[in-house]
Each structure stands twice: as structure tokens, then as C-alpha cells.
Amino acid sequence: MRKDDAVKHEPAGPDDLAERLYVTLHHVGKRLRMLDDDLGLSPVRFSVLGALAFHPPMTVGELARFEHVRSPSMTRLLRDMERDGLVERVPDPADGRRTLVRLTGAGRRLVTTARSRKIAWVAAVLASEDSAGRAAVAHVIAALAPLAGDDPPDEGPPDEGPPDEGPPDGEPAGVTP
């Protein structure tokens, strides 16, 4: 963070700071989604790929709940992703009556590429900061980490959300996109 920017943008209070943070996160998110656009990835497609990259294979219903969309919407999305060779359906080894969805090699490569591009863009931005600026960013990340949990605020049952949208990848399980 440049000191002249910090002085120019001193928040008046928590509401002002919350609004500025929201707007900034919105614009950063838009820039990151533009990188996905270059790869032909919609936000919900990237989110599903990321979920499958960092969690064990899931049923269609589990994925729908995880992404907070309706099951029919997830079914359509997965059908298209399967057609594109990004995911595949496999029998559940624990219960042969169930079918699980998992990434294919192409799906894993795509999510890894998309995630790497985003991280590279953020790293380039951070490289322009001095050590104090990077320390300030690290402090903000630590403060915001509790807000980034897997469970959003109670917004009602997942099936009542928008049908084709999801929240916004290999590293070990437990790491998110």
C-alpha cells in the first residue's frame, strides 16, 4: 500500500471501510474472472472444477449443495462439462447404487491453469508493493480469512438460490480455489 493512497483514503468509519472493501473485492473479482474468460470458463464452471479439485468426488446433489444451486442446474452443467471432457461420472466404490463426479485429466489441467494465471496476476500486483505494503496485505488477509469460510451467511436453503451461479486449482485437500 502506498502511503499517499492510505492518507487519501482514510476511512470515515466502519461503514465507509466496509463499502470500500466490498467495491474493491468486487473489482478484483471481476479482473480475476476476466482471466477465466480467456480460457472459456464461466464463474460457476471454475467453481465446480475447483470444488472437485480440492474435495473428494461428489454426487450431483452434493455438488449442487456445495455450490448453492439447484440439482437440475448442476445436472445440466455437469452434462456440458462431461461432454467437454472436464468431468466424468464413476460408480461410488462404497455404494454401487450411487454415481460420483470427478475431474478428468483435462479438467484438472484446466483448473490448474486458471488458478495459476490468477495467482500470477496477483503476484505481479504484489511485486509492485514494497515490504510494508505486502505486510499490510498479509494483515488484511489474516483479518478477512474468517469471512472466507465454506459456509456463507444463512441465506435460506441452497435450492432457493439462483439456479446457474456459484461462489467463485492441484494443491492438497482443504485448500480452496
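Above this text sits the structure in question.
The structure reproduced in this document is the subject of the present report. Being a predicted model, the structure only gives us computed values, none of them experimental. (Residues numbered from 1 in each chain as written. Predicted model: local features only at pLDDT ≥ 70, side-chain atom pairs only at ≥ 80, totals over all residues. Heavy atoms only, no water.)

On to the packing of aromatic side chains, then. Here the distance between the centres and the angle between the planes together describe a pair of aromatic rings. Evaluation of the coordinates by the stated rule reveals 0 aromatic pairs. Over the aromatic face of Phe46 sits the side chain of Lys118, whose NZ or CZ is 3.3 Å from the ring centroid. (Phe/Tyr/Trp six-rings, centres within 6.5 Å; stacked < 30°, edge-to-face > 60°. Lys NZ or Arg CZ within 6 Å of the ring centre and 35° of its normal.)

Per the counting criterion, the structure on display carries 11 salt bridges. Residue Asp80 is joined to Arg79 by a salt bridge in which the shortest nitrogen-to-oxygen separation is 3.5 Å. On the basis of relative accessible area, Arg79 is assigned to the partly exposed category, the value being 49%. With a closest N to O distance of 2.8 Å, Asp92 and Arg98 form a salt bridge. Among the residues examined, Asp92 registers a relative accessible area of 9% and is labelled buried. Residue class for Arg98 comes out partly exposed when judged on its relative accessible area of 33%. Sharing partners across several salt bridges, the network here consists of Arg45, Arg79, Asp80, Arg83 and Asp84. (Salt bridge = Lys/Arg side-chain N within 4 Å of Asp/Glu carboxyl O. Buried < 20%, exposed > 50% of the residue type's maximum accessible area, 1.4 Å probe, protein only.)

The description of two helices packed together rests on the angle between their axes and the distance between the axes. Where helix α3 (residues 43–54) contacts helix α6 (residues 105–127), the axes come no closer than 10 Å and their chain directions differ by 110°. One way to sum up the angle between α3 and α6 is to call them roughly perpendicular. Between α3 and α6, the contacting residues are Phe46, Leu49, Gly50, Leu52, Ala53 and Phe54 on the first element and Gly107, Arg108, Leu110, Val111, Ala114, Arg115 and Lys118 on the second. A per-class count over the contact of α3 with α6 returns 8 nonpolar, 2 polar and 3 charged. (Axes fitted to C-alpha atoms, helices over the stretch in contact; angles between N-to-C directions. Helix = DSSP H or I, 4+ residues; strand = E, 2+ residues; numbered from the N terminus. Parallel < 35°, antiparallel > 145°, perpendicular 65-115°, else oblique. Contact = heavy atoms within 4.5 Å. Nonpolar A, V, L, I, M, F, W, Y, C, P; charged D, E, K, R; others polar.)

This part covers α3. Taking 1.5 Å per residue as the helical rise, α3 with its 12 residues ought to reach 16 Å, and the 16 Å between its terminal C-alpha atoms agrees with that figure. Summarising burial for α3: 11 of the 12 residues are buried, a large majority. Listed in full, the buried residues belonging to α3 are Val44, Arg45, Phe46, Ser47, Val48, Leu49, Gly50, Ala51, Leu52, Ala53 and Phe54. Turning to α3, the residues buried within the fold contact α2 (14–37), α4 (60–67), α5 (71–83), β1 (87–92), β2 (95–103) and α6. (Expected span 1.5 Å × (residues − 1).)

Before going further, it helps to spend a moment on the environment of Thr99. Inspection of the secondary structure puts Thr99 in strand β2. On the basis of relative accessible area, Thr99 is assigned to the partly exposed category, the value being 42%. Spatially, the C-alpha atom of Thr99 lies 8.1 Å from that of Val60, the residues being 39 residues apart in sequence. Other than its neighbours up to four places away in sequence, Thr99 contacts Met58, Thr59, Arg89 and Val90.

A word on helix α7 (residues 131–144). With 14 residues, α7 ought to run about 20 Å at 1.5 Å a step, and its terminal C-alpha atoms sit 20 Å apart, in line with that. The N-capping residue of α7, defined by a side-chain oxygen 3.2 Å from the backbone nitrogen of Ala132, is Asp130. (Polar contact = N/O pair within 3.5 Å; in protein donor to acceptor, adjacent residues only side chain to side chain.)

At a minimum axis separation of 11 Å, α3 and α4 run at an interaxial angle of 115°. For the pair α3 and α4, the sense of crossing is right-handed. Taken together, the residues of α4 that come into contact with α3 (itself represented by Ser47, Val48, Ala51 and Leu52) are Leu63, Phe66 and Glu67. For the contact of α3 with α4, a count of residues per class yields 5 nonpolar, 1 polar and 1 charged. (Left-handed = near helix turned anticlockwise from the far one by under 90°.)

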